[in-house]
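# Observations on the three-dimensional arrangement
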Amino acid sequence: MSKSMLIISRQAPWAGPSTREALDIALAGGAFDLPLGLLFLDDGVFQLVAGQQAAALQQKDLTANLQALPLFGVEELFVSSRSLTERGLIDAQLILPAVELDDHALAQLLDRFDQVVTI
Amino acid sequence: MATLHLLSHSPFSDSRLASCLRLLGPDDGVLLSGDAVYALQPGTAQLQALELMPASIALYALDEDLQARALSAPARAQAIDYPTFVELCGHYAKVNSWL
Amino acid sequence: MKFAIALFAPSHAPSSRRALRFAQATVDGGHEIVRLFFYQDGVHSASSNVVSPQDELDLAGEWRNFVQQHNLDAVVCIAAALRRGVLNAEEAQRYGRPAANLDAPWELSGLGQLHEAAQMADRLVCFGGQ
């Protein structure tokens with residue numbers, strides 16, 4: 001059986017290529033049908049804000065990649081409710097149907113995966 | 001499936017340690033390396049937070065990083081070398097590096 | 001035990017040295033490294049054009065020696081490398097760039113190699129940051 005991997009993405013979309021590159025790990029794993037989860041933590045939750053305009057900074061829109069996750073077989077999407085609350089986003093409309101988890105549930109989530117990579 | 005968490009950023013300028021401490025499972029371990037060993041600076045809230053962790057959570061620090069920074073491991077932490085680091089990876093089910 | 005080791009930091013970052021010392025300790029301890037995978041800024045740790053002052057550690061050189069000495073499978077992510085100007089001769093020619101700075105024993109390949117390594121290994125250990 002394949003080992004599962006949880007990728008924890010904790011950077012905002014505007015800090016250079018590393019946010020996109022974290023997402024690419026998930027997309028690449030999904031293409032190989034691996035059991036993957038993606039958790040948005042800390043500033044990573046800013047990736048889920050609707051209405052961002054990448055073109056204003058001459059960048060590619062991350063939204064399309066994020067929304068491609070389920071198509072690539074990455075269906076386990078999670079977001080830290082604490083990170084959302086801290087950043088005033090707890091009631092915001094998010095661009096992905098990520099499951100909101102509190103700290104206790106996040107500890108259990110990490111426990112469930114064979115491997116965890118935090119970027 | 002206990003996790004060994006590997007940290008390498010200073011807890012005084014970065015939120016990784018704080019985030020990590022909130023996600024720890026009861027049998028997880030924390031390994032401080034690089035500037036993350038500054039969390040062991042005496043008299044700081046960061047050291048206090050580490051000392052408040054349940055006793056079941058092991059705390060390690062890479063010895064070379066302590067030496068370089070004129071720090072010594074408090075009673076709560078175990079200073080380790082690279083061979084021990086490698087063995088710890090086998091002791092825990094996985095290693096989560098906070099890159 | 002089988003290790004997959006991934007590096008996310010350039011050769012001037014302390015974590016590149018830490019990753020190398022860890023990798024050396026795995027081999028010294030009788031363990032196996034199934035693959036080294038260099039991603040994000042880690043691609044710079046594989047550059048053959050890093051020139052360290054004589055009295056400083058030549059980490060990119062040490063990485064190269066380590067890989068050669070143990071005949072390791074050492075992969076540099078191609079997408080991350082192209083973006084950061086780390087090219088082998090083939091890619092330099094393909095994109096019409098005047099110089100290559102990546103050579104054997106490193107190979108350029110895709111992110112699938114990271115997942116494959118993680119599947120083959122008992123432990124995936126990543127290094128990055130300070």
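As a reminder, the structure under discussion sits directly above these lines.
Figured I'd write up the structure that's included with this text. (Residues numbered from 1 in each chain as written. Chains lettered and ligands numbered in written order. Predicted model: local features only at pLDDT ≥ 70, side-chain atom pairs only at ≥ 80, totals over all residues. Heavy atoms only, no water.)

### So, the packing of helix α4 (residues 82-91) of chain B against helix α1 (residues 14-28) of chain C
Put simply, α4(B) and α1(C) touch, their axes get as near as 9 Å, and they point 75 degrees apart. Judged on the interaxial angle alone, α1(C) and α4(B) are roughly perpendicular. Residues Y82(B), P83(B), F85(B), V86(B) and C89(B) of α4(B) form the contact with α1(C), whose own contacting residues are R17(C), R18(C), R21(C), F22(C), A25(C) and T26(C). Per-class residue counts for the contact of α4(B) with α1(C) are seven nonpolar, one polar and three charged. (Axes fitted to C-alpha atoms, helices over the stretch in contact; angles between N-to-C directions. Helix = DSSP H or I, 4+ residues; strand = E, 2+ residues; numbered from the N terminus. Parallel < 35°, antiparallel > 145°, perpendicular 65-115°, else oblique. Contact = heavy atoms within 4.5 Å. Nonpolar A, V, L, I, M, F, W, Y, C, P; charged D, E, K, R; others polar.)

### Looking at the packing of aromatic side chains
All names here are of chain C. Overall, the coordinates contain 10 aromatic pairs over all chains when judged by the stated rule. With a centroid separation of 5.7 Å and 85 degrees between ring planes, the pair formed by F3 and F22 is classed as edge-to-face. Residue F3 is located in strand β1 (residues 2-7), and its partner F22 is located in helix α1; the two are separated by 19 residues in the primary sequence. Accessibility expressed as a relative area gives 0% for F22, which makes it buried. Relative to F66, the ring of W63 has its centre 6.4 Å away and its plane inclined at 75 degrees; by these criteria the two rings are edge-to-face. In this pair, W63 and F66 both sit in helix α2 (residues 59-69), three residues apart, roughly one turn of the helix. (Phe/Tyr/Trp six-rings, centres within 6.5 Å; stacked < 30°, edge-to-face > 60°. Buried < 20%, exposed > 50% of the residue type's maximum accessible area, 1.4 Å probe, protein only.)

### Some words on the sheet that holds strand β1 (residues 3-7) of chain B
All names here are of chain B. One open sheet holds the five strands; their spatial order is β4-β3-β2-β1-β5, and the pairing between them is parallel. Sheet topology places β4 (78-80) and β5 (94-97) at the edges, where each strand pairs with a single neighbour. Recorded for the sheet is a direction-independent mean angle of 25 degrees between the axes of neighbouring strands. Sheet analysis places strand β2 (residues 29-32) next to strand β3 (residues 58-62), joined by four bridges and oriented parallel. In the sheet register, V30 faces β3, and the bridge partner there is L59. (Pairing = 2+ DSSP bridges.)

### Regarding the sheet that holds β1(C)
Judged by pairing direction, the sheet is parallel, and its five strands sit side by side in the order β4-β3-β2-β1-β5 (chain C) without closing on themselves. Strands with a single pairing partner mark the edges of an open sheet, and in this sheet they are β4 (107-109) and β5 (123-127) of chain C. Averaged over all pairs of adjacent strands, the angle between their axes in this sheet comes to 25 degrees, without regard to strand direction. Sheet topology places strand β3 (residues 74-77) of chain C next to β4(C); three bridges connect them, and they run parallel. Residue pairing across strands places C77(C) opposite S109(C), the latter belonging to β4(C). Its contacts with the sheet put α4(B) on β1 and β5 of chain C, and the angle it makes with β5(C) is roughly 130 degrees. Seen against the sheet, α2(C) touches β1, β2 (32-38) and β3 of chain C and runs at an angle of roughly 145 degrees to β2(C).

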